[in-house]
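Structural features, examined
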Amino acid sequence: MRLGTLLPTFRDDPADALAAGARAMAAGLDGVFAYDHLWPMGSPERPALAPFEVLTAVAVRTQALVVGTLVARVGLVTEAVSLGQFRALRAVAGDRVIAALGTGDALSREENLAYGVDFPLPDVRRASMRSIAGVLQDEGMEVWIGAGAPATRAIAVELGCTLNLWAATPADVAAAAKVATVSWAGPTPLRDGHFDEDATAVLLDQLEDAGATWAVFDPRAPIEGLAALRGSAATRDR
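Presented here is a report on the structure given in the accompanying data block.

1. Regarding the pattern of salt bridges
Within this structure, the stated rule accounts for 11 salt bridges. Arg-73 serves as the salt-bridge partner of Glu-111, at 2.9 Å between the closest nitrogen and oxygen. Note that Glu-111 is positioned in helix H4 (residues 109-114) and Arg-73 in strand E4 (residues 72-73), a separation of 38 residues in sequence. An identical accessibility class is assigned to Glu-111 and Arg-73; each is buried. For Asp-123, the salt bridge identified is with Arg-126, shortest N-O distance 2.9 Å. Linking Asp-123 with Arg-126, this pair stays in helix H5 (residues 122-138), spanning 3 residues, or about one helical turn.

Encoded structure:
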């Protein structure tokens, strides 16, 4: 199972994200990912950096890290622009790109509307996601689809895309892994507001046993601490 982290992109400038990318490379993590939000969920007063620009900047500064969206929300831009963004990132990062796509949900609806961007019905968003995913797959790019409604999951299975589960239990990962390749992403285990190394090691062990191909943690995970768990009692001898 590969390990990754989400970059700290809810900032006014990219310094923290670029530094996190460099640390992830030095620590031996497998990849870094970026949210695609116009503001942090539920906090419209806070900033958010655009994912493709940050990922491109990280990609040119590192030579081995996988870079990916988590997830690029269809409908924020046109299908042509979305494809162009992924192609431009691939021009820099080559086969290190993971194109993770999602349809968005009611929680992200206000972001669209605040900027005058339509928020079509779910079936329309799913059709757009299917179209983008199919083109990117045909071009040889690895595609993930964010798990949501059963109809969204069905598209991932139909196209043979990796199904990305957010904050799912190991049992949910194991169930999904019976029908699709599965990656996991979610919040960092904390105890009293601090990184819980033991709980994270156990979670990694459980996710690997459940069949997850990736575990990607939010930016609260200390990069060096996360990387060190590769050799922990819970994860060695795999």
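2. Observations concerning the layout of surface pockets
Quantified by volume, the largest pocket comes out at close to 530 Å³. Taken together, 23 residues line the largest pocket, and the ones lying closest to its centre are Val-71, Gly-104, Asp-105, Ala-147 and Trp-166. At the level of secondary structure, the elements contributing two or more residues to the lining of the largest pocket comprise H5 and strand E7 (162-166). When residues of the lining of the largest pocket are assigned to their parent elements, the largest contribution, 3 residues, is made by H5. A class-by-class count of the residues in the lining of the largest pocket yields 9 nonpolar, 9 polar and 5 charged. For the second largest pocket, the calculated volume is near 240 Å³. Lining of the second largest pocket is provided by 19 residues; of these, Asp-36, Pro-51, Leu-76, Val-77 and Gln-85 occupy positions nearest its centre. When contributions to the lining of the second largest pocket are tallied by element, the ones reaching two or more residues are helix H2 (51-61), E4 and helix H3 (79-93).

3. A short note on empty space enclosed by the protein
Under the defined criterion, the tally for this structure stands at 1 cavity of 30 Å³ or more. Considered as a void within the structure, the largest cavity measures approximately 30 Å³ in volume. Forming the walls of the largest cavity are Arg-73, Val-74, Gly-75, Thr-103, Gly-104, Asn-112, Asp-118, Phe-119, Pro-120 and Arg-125. Here the residues of the lining of the largest cavity are counted per class, giving 3 nonpolar, 4 polar and 3 charged.

4. Points about unusual backbone geometry
Cis geometry is found at the peptide bond from Leu-70 to Val-71, where omega equals -5°. Among the secondary structure elements, Val-71 is positioned in the loop between strand E3 (66-69) and E4. The phi angle at Ala-167 is positive, at roughly 55°, despite the residue not being glycine. Topologically, Ala-167 is positioned in the loop between E7 and helix H7 (170-176). Accessibility expressed as a relative area gives 44% for Ala-167, which makes it partly exposed. One non-glycine residue with positive phi stands out, namely Asp-192, at about 55°. Inspection of the secondary structure puts Asp-192 in the loop between strand E9 (190-191) and strand E10 (194-195).

5. Regarding the packing of helix H1 (residues 15-27) against H2
Each pair of packed helices can be described by the angle between their axes along with the distance between the axes. Relative to each other, H1 and H2 sit at 40°, their axes nearing to 10 Å. On the basis of their axis angle, the class for H1 and H2 is oblique. Considering the relative orientation of H1 and H2, their crossing is right-handed. Judged by residue contacts, Ala-17, Leu-18 and Gly-21 of H1 engage Val-54, Ala-57, Val-58 and Arg-61 from H2. Along the lines of polarity and charge, the residues of the contact of H1 with H2 split into 5 nonpolar, 1 polar and 1 charged.

6. Considerations on the nonpolar core
Among the nonpolar cores identified, the biggest contains 58 residues, and Val-67, Phe-86, Val-173 and Trp-184 are the most heavily contacted of them. Broken down by element, the residue count for this core peaks at 6 residues, all from H2. Setting aside anything within four residues of it in sequence, one finds Val-173 in contact with Leu-165, Ala-168, Val-182, Trp-184, Leu-207, Ala-210 and Ala-212. Counting residues in hydrophobic clusters, the runner-up holds 13 residues, among them Val-71, Trp-144, Trp-214 and Val-216.

About the cut-offs
- Residues numbered from 1 in each chain as written.
- Predicted model: local features only at pLDDT ≥ 70, side-chain atom pairs only at ≥ 80, totals over all residues.
- Heavy atoms only, no water.
- Salt bridge = Lys/Arg side-chain N within 4 Å of Asp/Glu carboxyl O.
- Helix = DSSP H or I, 4+ residues; strand = E, 2+ residues; numbered from the N terminus.
- Buried < 20%, exposed > 50% of the residue type's maximum accessible area, 1.4 Å probe, protein only.
- 1 Å grid on protein atoms, 1.4 Å probe; cavity = no way out; pocket = protein on both sides within 12 Å on 5 of 7 lines; lining within 4 Å.
- Points joined across faces, edges and corners; volume = space filled by probe spheres on them.
- Nonpolar A, V, L, I, M, F, W, Y, C, P; charged D, E, K, R; others polar.
- Axes fitted to C-alpha atoms, helices over the stretch in contact; angles between N-to-C directions.
- Parallel < 35°, antiparallel > 145°, perpendicular 65-115°, else oblique.
- Left-handed = near helix turned anticlockwise from the far one by under 90°.
- Contact = heavy atoms within 4.5 Å.
- Core = buried A, V, L, I, M, F, W, Y, C linked by side-chain atoms within 4.5 Å.

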